[in-house]
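A structural walkthrough
Spelled out, the chains give:
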Amino acid sequence: PLKSLTPELLIQLKERSEKFLFEIISTNRKSKFCQTADELSIFRHAVKTFHEDEQECLRNFRKLVPLTSYDTYEPFLARFFNEPCQESEVIDLFAPGFPAFLAVSSGTSGKAPK
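Residues numbered from 1 in each chain as written. Predicted model: local features only at pLDDT ≥ 70, side-chain atom pairs only at ≥ 80, totals over all residues. Heavy atoms only, no water.

A word on the packing of aromatic side chains. Overall, the coordinates contain 6 aromatic pairs when judged by the stated rule. Ring geometry for F43 against F61: centres 5.7 Å apart, planes inclined by 80°, an arrangement best described as edge-to-face. Of the two residues, F43 sits in helix α3 (residues 41–46) while F61 sits in helix α4 (residues 54–64), which places them 18 residues apart along the sequence. A relative accessible area of 25% means that F61 is categorised as partly exposed. Here the aromatic rings of Y73 and F94 are separated by 6.2 Å at their centres, their planes lie at 50°, and the arrangement is tilted. (Phe/Tyr/Trp six-rings, centres within 6.5 Å; stacked < 30°, edge-to-face > 60°. Helix = DSSP H or I, 4+ residues; strand = E, 2+ residues; numbered from the N terminus. Buried < 20%, exposed > 50% of the residue type's maximum accessible area, 1.4 Å probe, protein only.)

This next bit is on the pattern of salt bridges. Per the stated rule, a full pass over the model turns up 4 salt bridges. Residues E18 and R62 are paired through a salt bridge, measuring 2.6 Å at the closest nitrogen-oxygen approach. In this pair, E18 is assigned in helix α1 (residues 7–28) and R62 in helix α4, connecting sequence segments 44 residues apart. Assessed through its relative accessible area of 12%, E18 is described here as buried. Among the salt bridges present, the one from E56 reaches R59, with a minimum N-O distance of 3.0 Å. With E56 and R59 both in helix α4, this residue pair falls 3 residues apart, about one helical turn. On the basis of relative accessibility, which here comes to 32%, the residue E56 falls in the partly exposed class. (Salt bridge = Lys/Arg side-chain N within 4 Å of Asp/Glu carboxyl O.)

Before going further, it helps to spend a moment on the confidence of the model for the protein. For the protein, the average pLDDT comes to 86, and 86% of its residues sit at 70 or higher. Confidence scores differ between elements of the protein, with α3 showing the lowest mean pLDDT of 84 and helix α6 (residues 87–90) the highest of 95. (pLDDT = per-residue confidence, 0-100.)

Further remarks concern the layout of surface pockets. Taken as a whole, the largest pocket holds about 330 Å³ of empty space. For the largest pocket, the lining is made up of 18 residues, of which F33, C34, L40, F61 and V65 are closest to its centre. Mapped onto the lining of the largest pocket, the elements with two or more residues apiece are α1 and α2 (32–36). Broken down by element, the lining of the largest pocket gets its largest block of residues, 4 residues, from α1. Of the residues in the lining of the largest pocket, the class split is 13 nonpolar, 3 polar and 2 charged. (1 Å grid on protein atoms, 1.4 Å probe; cavity = no way out; pocket = protein on both sides within 12 Å on 5 of 7 lines; lining within 4 Å. Points joined across faces, edges and corners; volume = space filled by probe spheres on them. Nonpolar A, V, L, I, M, F, W, Y, C, P; charged D, E, K, R; others polar.)

Cis geometry marks the peptide bond from E83 to P84, where omega comes out at -5°. With respect to the element layout, P84 can be found in the loop between α5 (70–77) and α6.

Here we come to the side chain of T72. Position of T72 relative to the elements: it lies in helix α5. One polar contact links T72 to E39, side chain to side chain, over a distance of 3.5 Å. Those residues in contact with T72 that lie beyond four places of it in its chain are F33 and E39. (Polar contact = N/O pair within 3.5 Å; in protein donor to acceptor, adjacent residues only side chain to side chain. Contact = heavy atoms within 4.5 Å.)

The next subject is the packing of α1 against α4. One way to put it is that α1 packs onto α4 with a least axis distance of 10 Å and a crossing angle of 80°. What the angle tells us is that α1 and α4 run roughly perpendicular. The residues of α4 that touch α1, namely those facing E18, K19, L21, F22 and I25, are E54, Q55, C57, L58, F61 and R62. (Axes fitted to C-alpha atoms, helices over the stretch in contact; angles between N-to-C directions. Parallel < 35°, antiparallel > 145°, perpendicular 65-115°, else oblique.)

Okay, structure coming up:
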């Protein structure tokens, strides 16, 4: 934890971070990725009756959603490179609408881009 913040600012920071995470989850929970990725199946079941209970949602998210790697996203990203790329396959894929851009990075030095 940051020791340079006052206790009041630390509480505000935590509250804002929690609210922001909840907004991200709430906004993206209807994406194709969230609805179909195997890694999120237990979380989907836990929030099936999503009633905007912020704290319960965040507890479930932290408890049930594993850390993921590129391999989790690769089948979804591959849809952008299908020829022809079908709009219906990529809209709402990771978030509502279309992505503003796709970043390319190897994630490590010296390896091929992903």
